[in-house]
Amino acid sequence: MLKPFYYYINNKNQREFYKLYDKWGKYKRYQEVKNVKFLSYSFDVPDLLSFIWQFKELFVDESYKFESKSDKPIIYDCGANIGMSCLYFKQLFPNAQIKAFEADNNIANILENNLKNNSILNGVEVINSAVWIDDKGIEFSSEGADGGSIYGDDNKIQMKSIRLKEFLEKEEKIDMLKIDIEGAEYEVLKDCKNSLLNVENLFVEYHSWNKTDQKLSEILDVLEQNGFRYYIESITRRKNPFINKGKAETMDLQLNIFGTKR
């Protein structure tokens, strides 16, 4: 019974999360606020609610924590959003070399400014392009926060794209590959199925939309072929899933997939 209390006392990031939630948790989504202060940092935030839960996932739960024998690990942050994951990686490894991919033009500008204003841009290359299977560009639906997707139906605009496979094959080793690209992960991983042998740690946020076929088994097959052991964590929970099947335009499954080499 006392364990949560001791955790609260001993974990400054847990206390910081409660402070952030108490101050900003009642705000509506897509409410932009500049200079949101947390820990010893200050970020411009386009959506307070997603920011609060990103902070919990990264700094309280430490979902992206990994080990490396190098003090300059190579990290690919696909779907870097406003920079919270880059900040976490830089706290973990101050000399990390990070490629931060962000498709949304406005979010990419916020990302770069947040990193620059907090003196963590050194060693981080911001690439304002969608992570995809070619470099011909792609239609992208921007929703102004952390949920922009190629599968959205609103605010479709043409975005620049890069072929992740070509980037991966240029690296001798990648210590962490994070893929959080809102539904494009299947196509990208399928295209990279022969280019992941040099990746040590892999995080994939899997999205299943009711209007598309589910591809989880194929994603796991790619991981198995490349020597990953995986752990799966569910983000969504539906009451009475046999009855509550969701509408065609909604996401019916969201998973965190953690892949590690042994």
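Residues numbered from 1 in each chain as written. Predicted model: local features only at pLDDT ≥ 70, side-chain atom pairs only at ≥ 80, totals over all residues. Heavy atoms only, no water.

(A) View of the pairing of strand E3 (residues 74–78). Summarising burial for E3: four of the five residues are buried, a large majority. Summarising the sheet, E3 and strand E4 (residues 97–101) pair through five bridges and their orientation is parallel. The partner of Ile75 across the bridge, within E4, is Ile98. Regarding the hand of the β-α-β motif, the stretch spanning E3, helix H4 (residues 84–92) and E4 is right-handed. The pairing of E3 with strand E10 (residues 176–179) spans four bridges and is classified as parallel. Counterpart to Ile75 in the pairing with E10 is Met176. (Buried < 20%, exposed > 50% of the residue type's maximum accessible area, 1.4 Å probe, protein only. Helix = DSSP H or I, 4+ residues; strand = E, 2+ residues; numbered from the N terminus. Pairing = 2+ DSSP bridges. Right-handed = clockwise from strand over helix to strand, strands pointing away.)

(B) Quick look at the layout of surface pockets. Taken as a whole, the second largest pocket encloses approximately 220 Å³ of empty space. Every residue lining the second largest pocket is counted, 13 residues in all, and those nearest its centre are Ser63, Tyr64, Lys65, Phe203 and Phe258. Within the residue set of the lining of the second largest pocket, elements represented by two or more residues are strand E11 (201–209), strand E12 (229–234) and strand E13 (251–260). (1 Å grid on protein atoms, 1.4 Å probe; cavity = no way out; pocket = protein on both sides within 12 Å on 5 of 7 lines; lining within 4 Å. Points joined across faces, edges and corners; volume = space filled by probe spheres on them.)

(C) Structural view of the packing of helix H3 (residues 48–60) against H4. At a minimum axis distance of 10 Å, the contact between H3 and H4 shows a crossing angle of 25°. Compared by their axis directions, H3 and H4 come out roughly parallel. In this structure, H3 crosses over H4, and the sense of that crossing is right-handed. Taken together, the residues of H4 that come into contact with H3 (itself represented by Phe51, Gln54, Phe55, Leu58 and Phe59) are Met84, Ser85, Leu87, Tyr88 and Gln91. Classifying every residue of the contact of H3 with H4 gives seven nonpolar, three polar and no charged. (Axes fitted to C-alpha atoms, helices over the stretch in contact; angles between N-to-C directions. Parallel < 35°, antiparallel > 145°, perpendicular 65-115°, else oblique. Left-handed = near helix turned anticlockwise from the far one by under 90°. Contact = heavy atoms within 4.5 Å. Nonpolar A, V, L, I, M, F, W, Y, C, P; charged D, E, K, R; others polar.)

(D) The packing of helix H2 (residues 12–24) against H3, seen in detail. The interhelical angle for the contact between H2 and H3, taken along N-to-C directions, is 170°, at an axis separation of 10 Å. Judged by the inter-axis angle, H2 sits roughly antiparallel to H3. Judged by residue contacts, Asn13, Gln14, Glu16, Phe17, Leu20, Tyr21 and Trp24 of H2 engage Leu48, Leu49, Phe51, Ile52, Trp53, Phe55, Lys56, Phe59 and Val60 from H3. For the contact of H2 with H3, the class distribution of residues is twelve nonpolar, two polar and two charged.

(E) Examining the environment of Asn194 more closely. Its location among the elements puts Asn194 in the loop between helix H7 (185–191) and E11. We classify Asn194 as exposed; its relative accessible area is 58%. Sequence-wise, Asn194 and Glu218 are 24 residues apart; in three dimensions their C-alpha atoms are separated by 14 Å.

(F) Broad picture of the nonpolar core. Of all hydrophobic cores here, the largest spans 39 residues; its most connected members are Phe38, Phe51, Phe55, Ile82, Met84 and Phe89. For this core, the element with the highest residue contribution is H3, accounting for seven residues. Apart from residues no more than four positions distant in its own chain, Phe51 is found in contact with Leu20, Val36, Phe38, Val45, Ile82 and Met84. Among the nonpolar cores identified, the runner-up in size contains 36 residues, and Ile127, Ala130, Tyr186 and Ile257 belong to it. (Core = buried A, V, L, I, M, F, W, Y, C linked by side-chain atoms within 4.5 Å.)

(G) Spatial organisation of helix H8 (residues 216–225). Taken together, the buried positions of H8 are occupied by Ile219, Leu220, Val222 and Leu223. Along the axis of H8, the buried positions cluster into a sector of 150°, meaning they face one direction only. Facing away from the buried surface of H8 by more than 90 degrees, the exposed residues are Ser217 and Gln225. If you follow the buried residues of H8, they end up packed against H7, E11, E12 and E13. (Arc of directions from axis to C-beta.)

(H) Main features of unusual backbone geometry. With a phi angle near 55°, Asn35 is a residue other than glycine that sits in the positive phi range. You can see Asn35 is positioned in strand E1 (residues 33–38). Positive phi, close to 50°, is recorded for Asn240, a residue that is not glycine. Considering the arrangement of structural elements, one finds Asn240 in the loop between E12 and E13. Of the residues examined, Asn240 reaches a relative accessible area of 44% and is grouped as partly exposed.

(I) Region of interest: the pattern of salt bridges. Within the structure shown, the criterion is met by twelve salt bridges. Residues Lys34 and Asp44 are paired through a salt bridge, measuring 4.0 Å at the closest nitrogen-oxygen approach. Of this pair, Lys34 sits in strand E1 while Asp44 sits in strand E2 (residues 41–45), and the two are ten residues apart along the sequence. Owing to a relative accessible area of 53%, Lys34 belongs among the exposed residues under this scheme. Overall, the relative accessible area of 17% leaves Asp44 in the buried class. Residues Lys56 and Asp61 are paired through a salt bridge, measuring 3.2 Å at the closest nitrogen-oxygen approach. (Salt bridge = Lys/Arg side-chain N within 4 Å of Asp/Glu carboxyl O.)

Read these as spatial facts, not as claims about activity.
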